[in-house]
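Listed here are the chains, written in short residue letters.
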Amino acid sequence: MRNIIRYMAIAMLPIVSACEHKDLCFEQTHKQDIEVVFDWQKAPDASPESMALYLYDTDKGGEPIRYIFTGRDGGHITVPYGRYEALCKNSDDTDWVQIRNTSDVDAFETYTPDATDNTAVLSGQTATMSRDDNNEERTEATPGMLWSDRQSGFEVNYTDTHKVLTLYPEEAVCHYTVVFENVDNIVNLNGGAVDGTLDGMAEGFLHGSKQPTENKVKMPFKLIPDENAGTLTAQFLTFGECQADGNDDSIVVSVPLADGDMWTQTFDVTDQVHDATDPHHVKIVIKGLELPEKEINAGGLHPDVDEWEEENIGIKM
């Protein structure tokens, strides 16, 4: 009997050994821990609350792997072996952000919702909105701060011991300043802001090519009056000038009058935008704006209120 038991135990050894070998192979992850570093030498004053990293597998294609980092410094992640295109952008300030074409690193675009679509702005949607791409008159909301970078040819191999992916985010938006000097009849504004739009701006930013889009839109802004200096000033962000050939830029100023009419005036600012020393910091100066002499509606509705009258109302206890 002992010989029979010994024989059965010996016969089962190869089976047990094979099972253990299979388990070890199954548990192998085929992934590597890497360190992600966001180096801010190109934007030292940047202060994003979080950063998003998109890794595109150049062999498999398809949707990217997305990672979110709190703060601006980066961190450690686990990545499958492969060769990647890496794209990063800040992922905070999402009330204005719209993104599309995320499966294509070259076409990945950030843009803004229609300026009249308050629902989209408040909800922070990231889905593509319905729009007519042939309509050059649409008005898009101005963007918030955006930082971005792309790195190509990043490989993750099983032989790596300490792999580091370093990206160098920089500003992907442009700072625009509009100043009207020597404004006549500025006192008629009674401290109220003036609406303006800047035509010829790009609809969005392409992260892969680090360029503004070729779609042309208008972007709205508010001009703040300074009666003592006689100026109207606005500061806002854009994605930069539309990259389409032959693009012109213009500013339209709109002032509501007390009688219900709307006073508007258009200014061609193409040369100032094209000739800006730094296209990321554009200052447009217009002199001699003459506001209407008519009474201006500075605050919208002004309802009349009758004198207060006392009235006692009994409350059941």
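To start, this report covers the structure provided alongside it.

The rules behind each value
Residues numbered from 1 in each chain as written. Predicted model: local features only at pLDDT ≥ 70, side-chain atom pairs only at ≥ 80, totals over all residues. Heavy atoms only, no water. Helix = DSSP H or I, 4+ residues; strand = E, 2+ residues; numbered from the N terminus. Buried < 20%, exposed > 50% of the residue type's maximum accessible area, 1.4 Å probe, protein only. Contact = heavy atoms within 4.5 Å. Areas by Shrake-Rupley, 256 points an atom, 1.4 Å probe, with all protein chains shown as cover. Pairing = 2+ DSSP bridges. Axes fitted to C-alpha atoms, helices over the stretch in contact; angles between N-to-C directions. Patch = residues over 30% accessible without salt bridge, like charges linked within 9 Å, V, L, I, M, F, W, Y side chains within 5 Å. Salt bridge = Lys/Arg side-chain N within 4 Å of Asp/Glu carboxyl O. Lys, Arg positive; Asp, Glu negative; His and termini not counted. Charge placed at Lys NZ, Arg CZ, Asp CG, Glu CD.

**A closer look at the overall build of the protein**
What the protein contains, in helices and strands, is three helices and 19 strands. Evaluated residue by residue, the protein yields a buried proportion of 40% over its 317 residues. Once local pairs closer than 6 in sequence are excluded, the contacts in the protein between residues at least 24 apart make up 71%. Accessible surface computed for the protein: about 19,000 Å², of which carbon and sulfur atoms make up 48%.

**Details of the sheet that holds strand 14 (residues 211-212)**
Judged by pairing direction, the sheet is antiparallel, and its four strands sit side by side in the order 6-7-13-14 without closing on themselves. Sheet topology places strand 6 (98-100) and strand 14 at the edges, where each strand pairs with a single neighbour. Inspection of the sheet shows strand 7 (residues 109-111) paired to strand 13 (residues 204-206) by three bridges, in the antiparallel sense. Note that in strand 13 the partner of E109 across the bridge is L206.

**What about the sheet that holds strand 19 (residues 281-287)?**
Pairing is mixed in the open sheet, where seven strands are placed in the order 18-17-12-15-16-11-19. Pairing within the sheet leaves two strands with one partner each, and these edge strands are strand 18 (262-268) and strand 19. Taken pair by pair, the neighbouring strands of this sheet meet at an average axis angle of 20°, ignoring direction.

**A look at a negative patch on the surface**
A contiguous patch of negative charge on the surface is contributed by D248, D268, D271 and D275. Turning to its location among the elements, D275 is positioned in the loop between helix 3 (270-274) and strand 19.

**Digging into the pattern of salt bridges**
Applying the stated criterion to the full structure yields eleven salt bridges. R150 is the partner of E85 in a salt bridge, and the nearest nitrogen-oxygen pair spans 3.2 Å. Taken together, the residues E85 in strand 5 (residues 82-90) and R150 in strand 8 (residues 147-156) connect sequence positions 65 residues apart. Across the pair K222 and D195 runs a salt bridge, and its minimum N-O distance is 2.5 Å.

Treat this as a map of the structure, not an account of what it does.
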